[in-house]
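Read off the chains here:
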Amino acid sequence: MSRRKIIAGNWKMNETPTEAKALVELLKPLVNNPDVDVVYGVPAIDITTVVEAVKGTNVQVAAENMYFEEKGAYTGEISPAMLVDAGVKYVILGHSERRGYFHETSEEINKKILKCFEHGLTPIMCCGESLEQREQGITMDWIRQQVKVGFQHVTADQAKTAVIAYEPIWAIGTGKTATADQAEEVCKGIRDCIAEIYDTDTAEAIRIQYGGSMKAANCKELLAKPDIDGGLIGGASLKAEFAEIVNYNK
């Protein structure tokens, strides 16, 4: 089965609304690749600016987080209905920075994933191991747990539309990248895990990204692997280099 590649930028806590508009205008003519789904994951304060700026282009917008309640006394949080109304299509959930700095659990991430599907949003669920976990030989045990808990009560039809981003924590923002073979091994392991939870059809449909210092120099080799369906791009998404990754096939 041929899965469409999905290249998503994770801007993290960067770009004011004014800077965000300028970045979108810079990238607009460069990322028009009809063979690839292009997504900008932007800070909450930039969402409406970026949604407006990408109108009429091939780019969709992702939020970097979302709460699992519909509304209420949750100061500082953002609901799925707010995101839908603002024009958001994807939500990045469970990034290692959210898990690490803000102590998000897989159970909380599961609630957010279920709420995404209720509102027609597509989750991009992140998973990945630390250097210590890799050295202990528990990479797949750890990631399988993140996937299995994250996808509790998610139906096969919902799972087919989801995106999973494998991001080895030791390769995020460090300049270190998993080799293409290391990345493929884990992405295949994630696909096998989805097949165990659901079935082969679901595993073949779900898209799995690699994230962790993917850049123009290494994207072709990574994206050539059979189980790597795209990238979740950090630092490189904030500059014109992002377009080189989007256009990896040209």
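Calculation notes
Residues numbered from 1 in each chain as written. Predicted model: local features only at pLDDT ≥ 70, side-chain atom pairs only at ≥ 80, totals over all residues. Heavy atoms only, no water. Helix = DSSP H or I, 4+ residues; strand = E, 2+ residues; numbered from the N terminus. Rg over C-alpha atoms; globule rule 2.2 N^0.38 Å. Buried < 20%, exposed > 50% of the residue type's maximum accessible area, 1.4 Å probe, protein only. Areas by Shrake-Rupley, 256 points an atom, 1.4 Å probe, with all protein chains shown as cover. Lys, Arg positive; Asp, Glu negative; His and termini not counted. Charge placed at Lys NZ, Arg CZ, Asp CG, Glu CD. Pairing = 2+ DSSP bridges. Axes fitted to C-alpha atoms, helices over the stretch in contact; angles between N-to-C directions. Contact = heavy atoms within 4.5 Å. Parallel < 35°, antiparallel > 145°, perpendicular 65-115°, else oblique. Left-handed = near helix turned anticlockwise from the far one by under 90°. Nonpolar A, V, L, I, M, F, W, Y, C, P; charged D, E, K, R; others polar. Polar contact = N/O pair within 3.5 Å; in protein donor to acceptor, adjacent residues only side chain to side chain. Core = buried A, V, L, I, M, F, W, Y, C linked by side-chain atoms within 4.5 Å.

A. Focus on the overall build of the protein. Helix and strand content of the protein: 12 helices and 8 strands. In terms of overall dimensions, the protein is globule-like: its C-alpha atoms have a radius of gyration of 17 Å, near the 18 Å expected for 250 residues. Projected onto the principal axes, the alpha-carbon positions of the protein cover approximately 45 × 45 × 35 Å. Across the 250 residues in the protein, those meeting the buried criterion constitute 52%. Surface accessibility of the protein: about 11200 Å² in total, with carbon and sulfur atoms responsible for 52%. Once the 27 positive and 36 negative side-chain charges of the protein are each reduced to a mean point, those two points are 3 Å apart.

B. Local environment of the pairing of strand β8 (residues 230-233). Side chains Gly 230 and Leu 232 project from β8 onto one buried face, and the interleaved Gly 231 and Ile 233 project onto a second face that is buried too. Pairing of strand β1 (residues 5-10) with β8, which is carried by 4 bridges, proceeds in the parallel orientation. By the bridge assignment, Ala 8 is partnered in β8 with Leu 232. The sheet contact formed by strand β7 (residues 207-211) and β8 spans 2 bridges and is parallel.

C. Structural context of the pairing of strand β2 (residues 36-42). Burial runs high along β2: 7 of the 7 residues are buried. Side chains Val 36, Val 38, Tyr 40 and Val 42 of β2 all project onto a buried face; the interleaved residues Asp 37, Val 39 and Gly 41 project onto the opposite face, where all are buried too. Pairing analysis gives 6 bridges linking β1 to β2, with the strands arranged parallel. Paired with Gly 9 across the strands is Tyr 40, a residue of β2.

D. Layout of the sheet that holds β1. Spatially, β1-β2-β3-β4-β5-β6-β7-β8 is the arrangement adopted by the 8 strands of the closed barrel, whose pairing is parallel. Each neighbouring strand pair of the sheet contributes to a mean axis angle of 25 degrees, computed without reference to strand direction. Bridge count for strand β6 (residues 163-166) against β7 is 4 bridges, and the pairing is parallel. Pairing of Ile 164 across the sheet is with Ile 208, part of β7. The sheet strands contacting helix α7 (residues 139-150) are β5 (122-127) and β6, and the helix crosses β5 at an angle near 155 degrees.

E. Examining the packing of helix α5 (residues 106-118) against α7 more closely. Contact geometry for α5 and α7: axes closest at 8 Å, N-to-C directions at 40 degrees. Here α7 runs oblique to α5, going by the angle between their axes. The two elements α5 and α7 cross, and the hand of that crossing is right-handed. Of the residues in α7, those touching α5 at Ser 106, Glu 107, Asn 110 and Ile 113 are Gln 146, Val 149 and Gly 150. Of the residues assigned to the contact of α5 with α7, the class counts are 2 nonpolar, 4 polar and 1 charged.

F. Highlighting the side chain of Asn 10. Within the secondary structure, Asn 10 sits in strand β1. Using a relative accessible area of 5% as the deciding quantity, one classes Asn 10 as buried. Separated by 3.2 Å, the side chain of Asn 10 and the backbone nitrogen of Lys 12 make a polar contact. The contacts of Asn 10, once residues within four sequence positions are left out, are Gly 41, Glu 64, Ile 92, His 95, Leu 232, Ile 233, Gly 234 and Ser 237.

G. Broad picture of the nonpolar core. Of all hydrophobic cores here, the largest spans 66 residues; its most connected members are Tyr 40, Val 147 and Phe 151. Looking at this core, the element that brings in the most residues is helix α9 (residues 180-197), giving 7 residues. Aside from chain neighbours lying at most four places away, what touches Tyr 40 is Gly 9, Trp 11, Val 24, Leu 27, Val 31, Val 50, Val 54, Val 59, Gln 60, Val 61, Ala 62 and Phe 242. Counting residues in hydrophobic clusters, the runner-up holds 11 residues, among them Ile 6, Ala 62, Ile 124 and Ala 165.

H. Quick look at the environment of Ile 109. In this structure, Ile 109 sits in helix α5. For Ile 109 and Leu 93, which are 16 residues apart along the polypeptide, the C-alpha to C-alpha distance reads 6.5 Å. With sequence-adjacent residues up to four places away left out, Ile 109 is seen in contact with Leu 93, Gly 94, Arg 99, Glu 104 and Met 125.

I. Seen up close, the packing of α7 against α9. Orientation of α7 relative to α9, taken along the N-to-C sense of each, is 45 degrees, at an axis distance of 10 Å. With respect to α9, the element α7 is oriented oblique. When the axes of α7 and α9 are compared, the crossing they make is right-handed. Here α7 contributes Thr 139, Met 140, Ile 143, Arg 144, Val 147 and Lys 148 to the contact with α9, which in turn contributes Val 186, Gly 189, Ile 190, Cys 193, Ile 194, Glu 196 and Ile 197.

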